[in-house]
Amino acid sequence: MDAYSCSYKVQVSATTNTYTVAALLQFRNCIAMEELPKKLQLAALGNHSRKNVKSVSLVSTASNATVELADIDWDSLGFSIIPTDYMYIMKASQGEAFSHGELQRFGNIELSPSAGILNYGQGLFEGLKAYRRHDGNILLFRPEENALRLRMGAERMCMPAPSVEQFLEAVKATVLANERWIPPAGKGSLYIRPLLMGTGAVLGLAPAPEYSFLIYVSPVGNYFKEGLAPINLLVETEMHRATPGGTGGVKTIGNYAAVLQAQSAAKAKGFSDVLYLDCVNKRHLEEVSSCNVFVVKGNMISTPAIKGTILPGITRKSIIDVARSQGFQVEERLVSVDELLDADEVFCTGTAVVVSPVGSITYNNKRITYGSDGVGRVSQQLYSALTSLQMGLAEDKMGWIVELK
């Protein structure tokens, strides 16, 4: 791996066992990482004894350090949790703003049995990824969109939220502290999971008195075991993911527990996932358990409009822009389930799956298949275009990429 350099300001507190590392992002030569004492190298933080370091506060936008990668099989990554080194925690009281946060060793957190998140589900989460480019740079994809969506959801759930700037700095700090867990270029990504939750104790139904913003990360491969291969969906006609006026349009934790029964039943029958219909007419497409859906007919790509019951996916939004830039017509509207019958292609989008082509959809015991060679042309084209941007293989004309090194 290429060697990078950076400058550090390090403060060590013997009484609190806390390291404060300020890494200054500068695109110029400065002191080499290997010139610093080993114990102060950010790349080696993951090797400190848990009893010797309680927390690490990283005020940084980059660490240009040579990093020894974690010793795992990068070619066998799936989409499951792999414990990493550090997580980020920041707290706020109801009615107050978030202020100071810190990196702590990844591990269990302590909650009151009466915490708002446990009793009333007052919580949100986000998902985004960091990629390692071939030159060693670390890339984030549109993280400010996640920050804005979290703030929108927090308003709906009566919670304070970090500012966009606080969110971005927390994400950067967490990624850099866990840099050795970012897969090599082309081997996967570092999945970033921000959580916002009511952790204060509350008995009666009310907003919690205290909130925690937490970020942890895990290296991941493909979400579906099929990878970029067709998935098979079952259209669910009885259970519904969201209702008008509810919380389907924000990324609250309850949206996901509600789909588990239908999803588990579908997977037991050999399907990859479930496609939900609207709960009023039971005729219009909404979304898959954790993905947005698109229908392709000729040069037209249609996707359900965002009207409160569908999550405004960041990958969804990006695919719409990419598709239009490539000459496709894109409509956001009501999409009837009947349109699946003569569609040329169907695909799903999401942070975890990126773009996932649909090989078949089963609706009222009728199976509709798409294409004969697996991945549809439009799905492949859009997948390649978006992942090339995310991985730094194509010029970022959209201004979506945030570089950390």
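Thresholds applied
- Residues numbered from 1 in each chain as written.
- Predicted model: local features only at pLDDT ≥ 70, side-chain atom pairs only at ≥ 80, totals over all residues.
- Heavy atoms only, no water.
- Helix = DSSP H or I, 4+ residues; strand = E, 2+ residues; numbered from the N terminus.
- Buried < 20%, exposed > 50% of the residue type's maximum accessible area, 1.4 Å probe, protein only.
- Polar contact = N/O pair within 3.5 Å; in protein donor to acceptor, adjacent residues only side chain to side chain.
- Core = buried A, V, L, I, M, F, W, Y, C linked by side-chain atoms within 4.5 Å.
- Contact = heavy atoms within 4.5 Å.
- Phe/Tyr/Trp six-rings, centres within 6.5 Å; stacked < 30°, edge-to-face > 60°.
- Axes fitted to C-alpha atoms, helices over the stretch in contact; angles between N-to-C directions.
- Parallel < 35°, antiparallel > 145°, perpendicular 65-115°, else oblique.
- Left-handed = near helix turned anticlockwise from the far one by under 90°.
- Nonpolar A, V, L, I, M, F, W, Y, C, P; charged D, E, K, R; others polar.
- 1 Å grid on protein atoms, 1.4 Å probe; cavity = no way out; pocket = protein on both sides within 12 Å on 5 of 7 lines; lining within 4 Å.
- Points joined across faces, edges and corners; volume = space filled by probe spheres on them.

A.B. asks: Is there a simple way to explain the environment of Arg180 in this structure?
C.D. replies: Inspection of the secondary structure assignment puts Arg180 in the loop between helix H3 (164-177) and strand S9 (189-198). Overall, Arg180 belongs to the buried group, its relative accessible area being 16%. Through-space distance from the C-alpha of Arg180 to that of Val67 is 6.0 Å; in sequence the pair is 113 residues apart. Separated by 2.8 Å, the side chains of Arg180 and Asp85 make a polar contact.

A.B. asks: Can you walk me through the nonpolar core in this structure?
C.D. replies: One recurring pattern in soluble globular proteins is that nonpolar side chains are buried together. With 40 residues, the main nonpolar core has Leu124, Phe167, Val171, Val175, Ile192, Leu196 and Phe213 as its most contacted residues. Elements with a contribution of two residues or more to this core: strand S4 (86-93), strand S7 (128-132), strand S8 (138-141), helix H2 (143-156), H3, S9 and strand S10 (210-220). Sorting elements by how many residues they give to this core places H3 first, with eight residues. The residues contacting Leu196, other than those within four sequence positions of it, are Phe98, Gln122, Gly123, Leu124, Leu150, Ala154, Met159, Pro160, Ala161, Pro162, Ser212 and Phe213.

A.B. asks: I would appreciate a short explanation of the packing of aromatic side chains in the present structure.
C.D. replies: For the structure on display, the rule yields six aromatic pairs. Ring plane angle 75 degrees and centroid distance 5.3 Å describe the contact between Phe79 and Tyr191, whose orientation is recorded as edge-to-face. Of the two residues, Phe79 sits in the loop between strand S3 (55-60) and S4 while Tyr191 sits in strand S9, which places them 112 residues apart along the sequence. Look at Phe79 and you get partly exposed, because its relative accessible area is 28%. Of the residues examined, Tyr191 reaches a relative accessible area of 10% and is grouped as buried.

A.B. asks: How should I be thinking about the packing of helix H6 (residues 314-325) against helix H7 (residues 377-390) in this particular structure?
C.D. replies: Helix-helix packing is characterised by the crossing angle of the two axes and by the distance between the axes. Viewed as axis vectors pointing N to C, H6 and H7 meet at an angle of 110 degrees, and their least axial separation amounts to 10 Å. Our classification of the angle between H6 and H7 gives roughly perpendicular. Remark: the crossing between H6 and H7 carries right-handed chirality. Residues Thr315, Ser318, Ile319, Val322 and Ala323 of H6 form the contact with H7, whose participating residues are Leu382, Ala385, Leu386 and Leu389. A breakdown of the residues in the contact of H6 with H7 according to their chemical character gives seven nonpolar, two polar and no charged.

A.B. asks: Would you mind going over the layout of surface pockets with me for this structure?
C.D. replies: Any space left empty among the atoms is revealed by the rolling of a water-sized probe across them. The calculated volume of the largest pocket comes to roughly 460 Å³. What lines the largest pocket is a set of 28 residues, among which Phe125, Tyr223, Lys251, Tyr256 and Ser290 lie closest to the centre. Those elements giving two or more residues to the lining of the largest pocket turn out to be S9, helix H5 (260-268), strand S14 (291-297), H6 and strand S17 (345-350). Counted by class, the lining of the largest pocket contains twelve nonpolar, ten polar and six charged residues. Roughly 360 Å³ of internal volume is contained in the second largest pocket. As for the second largest pocket, its lining consists of 24 residues, of which Gly188, Gly221, Asn222, Tyr383 and Met391 are closest to the centre. Put simply, the parts of the chain that give the lining of the second largest pocket at least two residues each are S7, strand S18 (354-363) and H7. Taken together, the residues of the lining of the second largest pocket sort by class into 13 nonpolar, eight polar and three charged.

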